[in-house]
Amino acid sequence: MSVTTTLSPPNTLAFPHLSSHAPHRTSSFPMATIIRRHLNPIRRRSLAIAAAVRQQQDTTLWLPAPLANVKPAAESLFHITVDVSDSPDLASSYTLAGQYLQLRLPDVEKPSFLAIASPPSMASTNGVFEFLVKSIAGSTAELLCGLGKGDVVELTPAMGKGFNTDQISPPEDYQSVLIFATGSGISPIRSLIESGFSADKRSDVRLYYGARNLQRMAYQDRFKAWESSGVTVVPVLSQPGDSWTGETGYVQAAFAKAKQIYAPESTGAVLCGQRPMAEEVTSILVGNGVPSEKILKNF
């Protein structure tokens, strides 16, 4: 499970996160339009009743919460913000970067597993959870990305062990931290970076972030702030345009070429993205002497 990035637990991803994106307007999503009509004048009351009925058949705790914002993040990716200010227990359940939850829509049985992209502090200070969602045709994510502010979804409390950065602390003992993400797997990595793990007190913190092209790479507007916090961002594009002069191919190949593991016994790593990437990077790291227990994944 190393976050990113789909709606019921995906077979092709190693980590529970949703990466989804679809057309921005509900007119492109007939099912989403139907949902919005149902939700409108008495959405909270009807959802509460529906949740109570479902609760009798499902031991999972589901809590209603309205969407605060839905906007494009990159090609086929959306920023989704959920207002959890009226659900203090839900907000307080999120304590570690890398945790995830389940989200479902009214009248849609299949939930999505989503890694939380915002740091835990945002839940307590701003009362929101933020997600990076990739819309996949015919999926719950497609419907979710077609909704708008005020529409209500149901969430479970945050779950999962998250990224246990105690394993790579104190920073004086783990001067190198190598971070790897592909696609919407950048979602929980954003949470990790913005939660803070003393990157500025380490000598070598690199983020290898893979996407098809720059149009599909989310959070580019955050790269400067991440660099200022001590994280060197290395974008890797598998299908770049002619003008691209940076790293190309896949994340694992870019890392294998650079490698630069100076002191493996004092190196940590964090992974989130597609399973082949996670497996290959893990193999390279362990083969170069990085202890397996210092390779953090959020599953």
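*Asks:* Please give an account of the overall build of the protein chain that cites residues and values.
*Replies:* A count of helices and strands for the protein chain gives nine helices and twelve strands. The buried share of the protein chain, taken over its 299 residues, is 56%. Surface accessibility of the protein chain: about 12,900 Å² in total, with carbon and sulfur atoms responsible for 50%.

*Asks:* Now, about the nonpolar core: what can you tell me, with residues and values included?
*Replies:* With 33 residues, the main nonpolar core has Ile 179, Ile 186, Ile 189, Phe 197 and Leu 207 as its most contacted residues. Going through the elements one at a time, strand 1 (63-74), strand 7 (176-182), helix 6 (186-195), strand 8 (204-211), helix 7 (223-228), strand 9 (232-237) and strand 11 (267-272) are the ones with two or more residues in this core. Not counting residues within four places of it along the chain, the set of residues in contact with Ile 189 comprises Phe 163, Ile 179, Ala 181, Leu 207, Val 270 and Cys 272. With 28 residues, the next largest nonpolar core counts Ala 65, Ala 141, Cys 145 and Leu 155 among its residues.

*Asks:* Explain the environment of Lys 134 to me, and be specific about the residues and the numbers.
*Replies:* Along the chain, Lys 134 falls in strand 5 (residues 128-134). Taking the relative accessible area as the measure of exposure, Lys 134 reaches 30% and is therefore partly exposed. Here the alpha-carbon distance between Lys 134 and Leu 144, two residues ten residues apart in the chain, equals 9.8 Å.

*Asks:* Could you give an account of the environment of Ala 181, naming the residues involved and the relevant values?
*Replies:* When you line up the elements, Ala 181 lands in strand 7. Judged by its relative accessible area of 0%, Ala 181 falls in the buried class. Beyond its immediate stretch of four places on either side in the chain, Ala 181 contacts Ile 186, Ile 189, Leu 207, Tyr 208, Tyr 209, Gly 210, Val 251, Cys 272 and Met 277.

*Asks:* Account for the pairing of strand 2 (residues 77-83), naming residues and giving values.
*Replies:* Strand residues, when the strand is regular, have side chains that alternate between the two faces of the sheet. In terms of burial, strand 2 is largely enclosed, as six of its seven residues are buried. Once strand 1 ends, the chain turns through two residues before running back antiparallel as strand 2, passing Ser 76 with a positive phi of about 70 degrees.

*Asks:* Any details on the sheet that holds strand 6 (residues 152-155)? Residues and values, ideally.
*Replies:* Strand pairing in a sheet is mediated by backbone hydrogen bonds. Such pairs are either parallel or antiparallel. Read across the sheet, six strands follow the order 4-3-6-1-2-5 without closing on themselves; strand pairing throughout is antiparallel. In the strand order of this sheet, the two ends are held by strand 4 (112-115) and strand 5, each with one partner. Across the sheet, the mean angle separating the axes of adjacent strands is 40 degrees when strand polarity is ignored. Direction of pairing for strand 1 relative to strand 6: antiparallel, over a ladder of four bridges.

*Asks:* Got a sec to walk through the pattern of salt bridges? Specific residues and values, please.
*Replies:* Under the criterion given, the structure shown has seven salt bridges. Residue Arg 104 is joined to Glu 154 by a salt bridge in which the shortest nitrogen-to-oxygen separation is 3.2 Å. One end of the pair, Arg 104, is in strand 3 (residues 100-104); the other, Glu 154, is in strand 6, with 50 residues separating them in the sequence. Each member of the pair, Arg 104 together with Glu 154, is buried. Measuring nitrogen to oxygen at the nearest pair gives 3.1 Å for the salt bridge that ties Glu 194 to Arg 190. Of the two residues, Glu 194 and Arg 190 are both situated in helix 6; the distance of four residues between them amounts to about one turn of the helix. Taking the relative accessible area as the measure of exposure, Glu 194 reaches 27% and is therefore partly exposed.

*Asks:* Residue-level account of unusual backbone geometry, with values.
*Replies:* Ser 169 connects to Pro 170 through a cis peptide bond whose omega is 0 degrees. By the secondary structure assignment, Pro 170 is in the loop between strand 6 and strand 7. Of note in the backbone geometry, Ser 198 takes a positive phi value of approximately 60 degrees without being a glycine.

*Asks:* Just give me the short version of helix 9 (residues 275-287), but keep the residues and values in it.
*Replies:* Over its 13 residues, helix 9 runs 18 Å from end to end, which matches the ideal 18 Å to within 8%, given 1.5 Å per residue. Contacts from the buried residues of helix 9 go to strand 7, helix 8 (251-258), strand 11 and strand 12 (295-296). Gly 289 occupies a position one or two residues after helix 9 and carries a positive phi of about 100 degrees.

*Asks:* Mind laying out the sheet that holds strand 10 (residues 247-248), listing which residues take part and the relevant values?
*Replies:* Taken together, the six strands give an open sheet; going across it, the order is 10-9-8-7-11-12, and neighbouring strands pair in parallel fashion. Two strands in the sheet have a free side with no partner beyond their single neighbour: strand 10 and strand 12. Strand direction decides the pairing type here: strand 9 and strand 10, joined by two bridges, are parallel. The residue bridging Val 236 from the neighbouring strand is Glu 247, located in strand 10. Along the sheet, helix 8 contacts strand 7, strand 8, strand 9 and strand 10; its crossing angle with strand 8, the most-contacted strand, is approximately 145 degrees.

*Asks:* Tell me what's going on with the packing of aromatic side chains, and back it up with residues and numbers.
*Replies:* This model, assessed by the stated rule, comprises nine aromatic pairs. With centroids separated by 5.0 Å and ring planes inclined at 75 degrees, the aromatic side chains of Phe 180 and Phe 255 adopt a geometry described as edge-to-face. Placement of the pair is Phe 180 in strand 7 and Phe 255 in helix 8, with a sequence separation of 75 residues. Phe 255 carries the same exposure label as Phe 180, and that label is buried.

Rules behind the numbers
- What you see as residue numbers is a count from 1 along each chain, following the sequence as written.
- In view of the model being predicted, local features appear only for residues whose pLDDT reaches at least 70, and side-chain atom pairs are presented and counted only at 80 or more, with totals across whole chains, interfaces and linings using the full set of residues.
- Side-chain metrics rest on all non-hydrogen atoms present in the structure, leaving aside hydrogens and water.
- Here a helix means four or more residues in a row that DSSP labels H or I, a strand means two or more in a row labelled E, and each is numbered from the N terminus.
- Type-normalised accessible area, obtained with a 1.4 Å probe on protein chains alone, sets the label of each residue: buried when under 20%, exposed when over 50%, and partly exposed for intermediate values.
- Only the protein chains shown count as covering a residue, and every accessible area follows the Shrake-Rupley method with a 1.4 Å probe.
- Put simply, a nonpolar core is a bunch of buried Ala, Val, Leu, Ile, Met, Phe, Trp, Tyr and Cys residues held in one set by side-chain atoms that sit within 4.5 Å of each other.
- Any two residues whose heavy atoms approach within 4.5 Å at even a single point are treated as in contact.
- At least two bridges found by DSSP between two strands is the condition for calling them paired.
- Angular values range over 0 to 180 degrees, each being the angle between N-to-C directions of two axes fitted as lines to C-alpha atoms, with helices fitted over their stretch in contact.
- Salt bridges are defined by distance alone: a side-chain nitrogen of Lys or Arg within 4 Å of a carboxyl oxygen of Asp or Glu.
- Here the expected length of a helix is defined as 1.5 Å per residue gap, with one fewer gap than residues.
- Centres within 6.5 Å are what make two rings of Phe, Tyr or Trp a pair, Trp counting through its six-membered ring; a difference in plane orientation under 30 degrees is then read as stacked, over 60 as edge-to-face, and the rest as tilted.

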